[in-house]
Amino acid sequence: MGKERERSEKDPKEHKKMFIGVVWNCAAELKLLLTALLFLLSLITVFQFVPSRLSFSVSDVRHCISTTTAAAADTNISVAPAAVALSANSTPPERPLASPSPPSKLQDEVGDGGVIKRAFNAYGSAAYNYILMSAYRGGADTFAVMGLASKPLLVFGKPSYQCQWVPRLKNGSYSNRPVTASSYQVLPDWGYGRVYTVIVVNCTFPFPVGHDGSGGKLLLLATTNGGGDEKVNLTDTVEALTEAPATVNLARFTGPPKYDYLYCGSPLFGNLSPQRVREWFAFHVRLFGEKSHFVIYDAGGIHEGVREVLRAWMDKGYVTLYDVREQERFDGYYHNQFMVVNDCLHRYRFDAKWMFFFDLDEFIFVPKKSTLKSVLDSLSEYTQFTIEQMPMSSKLCLAEDAGKSYRKWGFEKLVYKDSKRGIRRDRKYAVQPRSVFATGVHMSQNAAGKTTHKTEGRIMYYHYHGTISERREPCRRLVNSTELKLDGIQYVVDTTMREAAGSVKRFELRMIGSRLQRTRQ
């Protein structure tokens, strides 16, 4: 006990000596710390008197740091591990894009006689000059380019679009002497466009280009010609198409087509009914036959239920599906429908004898004594023909189907037809695509050759408007009558499509089995 008391009496002196020793040994570090603290407090005091227009934000600091880091990388300056810690397997951060220096701001000026000339400073851009979707060769010396352009620029300005072909040299580089084409533009959705409108540029060169398989590039030069700003004439060079060596097959443009009939669909969107899609494909694959193909564009409507239906026919080689949801970024008419159908036209222009344009709530029909082939053979002298519409009710069904309508297909139970006469109804159409240079939704206005509208009684389409986008039982009113008037429209019973349902169902079962038997509305 005495020794412990004695040690405790000595401890305070020893602690004091130890503290003085530590302070003495760390005097330099303490001086540096105190100096830094004093400098920081002084800096804070000074900033309180700095004007607000000289203030800086966190983004300024980030920009300063990123610029410093980029400069360090460019000059091979090593960065301390504490500042940048990258593992051996990590990806280095992308270097931020350098922003162009803003133009000097124009100021108001006082002119002669005290007149003040006001200044106008422009910033940003309201729309793209040109948006490319696709480009296709149409022969040894012709091409077509599909895309979107600024509608205000086309309405109020005079933009121009010119094609050039850049040959590929034997050493793999490209010639610096491009060939210029004669170009003309088609605006198939004129009057419908919004911020953007569809433009098809057809290019014809004075002689064949790239036909020998040497390869090359098709360039589209989109020039504003002062539209939007009279002092600025911008030209954007668009690499529309690149052909690798030995990839051109000129026989495709003159040989027999791969398909007899090809369907070009408009962009599909919304919450589509898988069952209605199932019925449409079974019906039309049977009608069009083995040498047919269906091209579908997904603008947001191909959910898993619909995709399962398409997959059944894709596996059999009848369907090609394209995802075009990205075009929704650009504000055009109806999901840029005109651009999509023109892409289909030019992509498959030499692959089909006849090309059809109609929707998934419309069913093509030819009378029993005819076939689709016999009807189209009788119309072979025409480049284009239009198809008469048979408008059907999308909610009226026969009372005899009560309790069992859910087992019947849509076109089997919707049997009431709008019988009003003397009014103009929309028509759909088919073309011989090799003679068509641009197309629309209800017909083409850019075709070489004759068009006929006199097809009544030979070919028609039954239109079940809106049923494709309703995922519920369509029979909402059961009627025990062969005719009735509802909402001012006179309806009569037409069982033409109903009578075809049995053979269509058997065809589907034979072609793809029972994989779609549990398809839901």
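Scroll up for the structure.
Residues numbered from 1 in each chain as written. Predicted model: local features only at pLDDT ≥ 70, side-chain atom pairs only at ≥ 80, totals over all residues. Heavy atoms only, no water.

Draft legend 1. Spatial organisation of the packing of aromatic side chains. Tallied over the full model, the rule gives 34 aromatic pairs. On the numbers, 5.9 Å between centres and 55° between planes, the contact of tyrosine 261 with phenylalanine 288 is tilted. Pair noted here: tyrosine 261 is in strand E11 (residues 259-268) and phenylalanine 288 is in helix H5 (residues 274-288), with a separation of 27 residues, a long-range link. Residue class for tyrosine 261 comes out buried when judged on its relative accessible area of 9%. Take phenylalanine 288: its relative accessible area is 3%, and that puts it in the buried class. Here tyrosine 297 and tyrosine 322 contribute two aromatic rings whose centre-to-centre distance is 5.4 Å and whose plane-to-plane angle is 25°, an arrangement assigned as stacked. Of this pair, tyrosine 297 sits in strand E12 (residues 292-298) while tyrosine 322 sits in strand E13 (residues 319-323), and the two are 25 residues apart along the sequence. Each member of the aromatic cluster is reached from another via a ring pair, and the members are Tyr261, Tyr263, Trp280, Phe281, Phe288, Phe294, Phe356 and Phe358. When the ring centre of tryptophan 165 is taken as reference, the NZ or CZ atom of arginine 137 above it lies at 5.7 Å. (Phe/Tyr/Trp six-rings, centres within 6.5 Å; stacked < 30°, edge-to-face > 60°. Helix = DSSP H or I, 4+ residues; strand = E, 2+ residues; numbered from the N terminus. Buried < 20%, exposed > 50% of the residue type's maximum accessible area, 1.4 Å probe, protein only. Lys NZ or Arg CZ within 6 Å of the ring centre and 35° of its normal.)

Draft legend 2. Representation of the pattern of salt bridges in the model. For the coordinates displayed, the defined rule picks out 30 salt bridges. Aspartate 315 is paired through a salt bridge with arginine 515; the nearest N and O atoms lie 3.3 Å apart. Placement of the pair is aspartate 315 in the loop between helix H6 (304-314) and E13 and arginine 515 in the segment after helix H10 (496-512), with a sequence separation of 200 residues. Linking glutamate 362 and lysine 428 is a salt bridge whose minimum nitrogen-to-oxygen distance equals 2.9 Å. (Salt bridge = Lys/Arg side-chain N within 4 Å of Asp/Glu carboxyl O.)

Draft legend 3. Here's a closer look at the state of the cysteines. All chains considered together, the criterion is met by three disulfides. What pairs with cysteine 264 in a disulfide is cysteine 344, and their sulfur atoms sit 2.0 Å apart. The disulfide joining cysteine 264 to cysteine 344 has a torsion of about -80° about its S-S bond and is therefore left-handed. Linking cysteine 264 in strand E11 with cysteine 344 in helix H7 (residues 337-347), this pair joins segments that are 80 residues apart in sequence. Across a sulfur-sulfur distance of 1.9 Å, cysteine 397 and cysteine 475 are joined as a disulfide pair. Its S-S torsion of about -85° marks the bond between cysteine 397 and cysteine 475 as left-handed, since a negative value means left-handed. (Disulfide = S-S within 2.5 Å.)

Draft legend 4. Looking closely at the sheet that holds strand E6 (residues 179-180). One open sheet holds the four strands; their spatial order is E6-E5-E9-E10, and the pairing between them is antiparallel. Of all the strands in the sheet, just E6 and strand E10 (235-243) have a single pairing partner and so form its edges. By the bridge criterion, two bridges tie strand E5 (residues 160-167) to E6 in an arrangement that is antiparallel. Bridge pairing links tryptophan 165 to valine 179 in E6. (Pairing = 2+ DSSP bridges.)

Draft legend 5. Up close: unusual backbone geometry. A positive phi angle is found at asparagine 336, which is not glycine, with a value near 55°. Its location among the elements puts asparagine 336 in the loop between E13 and H7. One non-glycine residue with positive phi stands out, namely aspartate 487, at about 55°. By the element assignment, aspartate 487 lies in the loop between strand E25 (483-486) and strand E26 (489-493). Residue class for aspartate 487 comes out exposed when judged on its relative accessible area of 65%.

Draft legend 6. Examining the side chain of asparagine 202 more closely. As for its position among the elements, asparagine 202 is in strand E8 (residues 196-204). Overall, asparagine 202 belongs to the buried group, its relative accessible area being 6%. Each residue touching asparagine 202, except ones within four places of it in the same chain, is listed here: Phe143, Ala144, Ser182, Ser183, Tyr184, Val186, His346 and Phe437. (Contact = heavy atoms within 4.5 Å.)

Draft legend 7. Fine view of the packing of H5 against H6. Two elements in contact, H5 and H6, have axes separated by 8 Å at closest approach and are oriented at 20°. Classified by the angle between their axes, H5 and H6 sit roughly parallel to one another. Remark: the crossing between H5 and H6 carries right-handed chirality. Listed contacts from H6 to Pro274, Val277, Arg278, Phe281, Ala282 and Val285 of H5 are Gly305, Val306, Val309, Leu310 and Trp313. In terms of residue class, the contact of H5 with H6 is built from nine nonpolar, one polar and one charged. (Axes fitted to C-alpha atoms, helices over the stretch in contact; angles between N-to-C directions. Parallel < 35°, antiparallel > 145°, perpendicular 65-115°, else oblique. Left-handed = near helix turned anticlockwise from the far one by under 90°. Nonpolar A, V, L, I, M, F, W, Y, C, P; charged D, E, K, R; others polar.)

Draft legend 8. The arrangement of H6 in detail. All of the buried residues along H6 are Val306, Val309, Leu310, Ala312 and Trp313. For H6, the buried positions fall inside an angular range of 150° around the axis, keeping them on one side. Considering only its buried residues, H6 is in contact with H5, E12, E13 and H10. (Arc of directions from axis to C-beta.)

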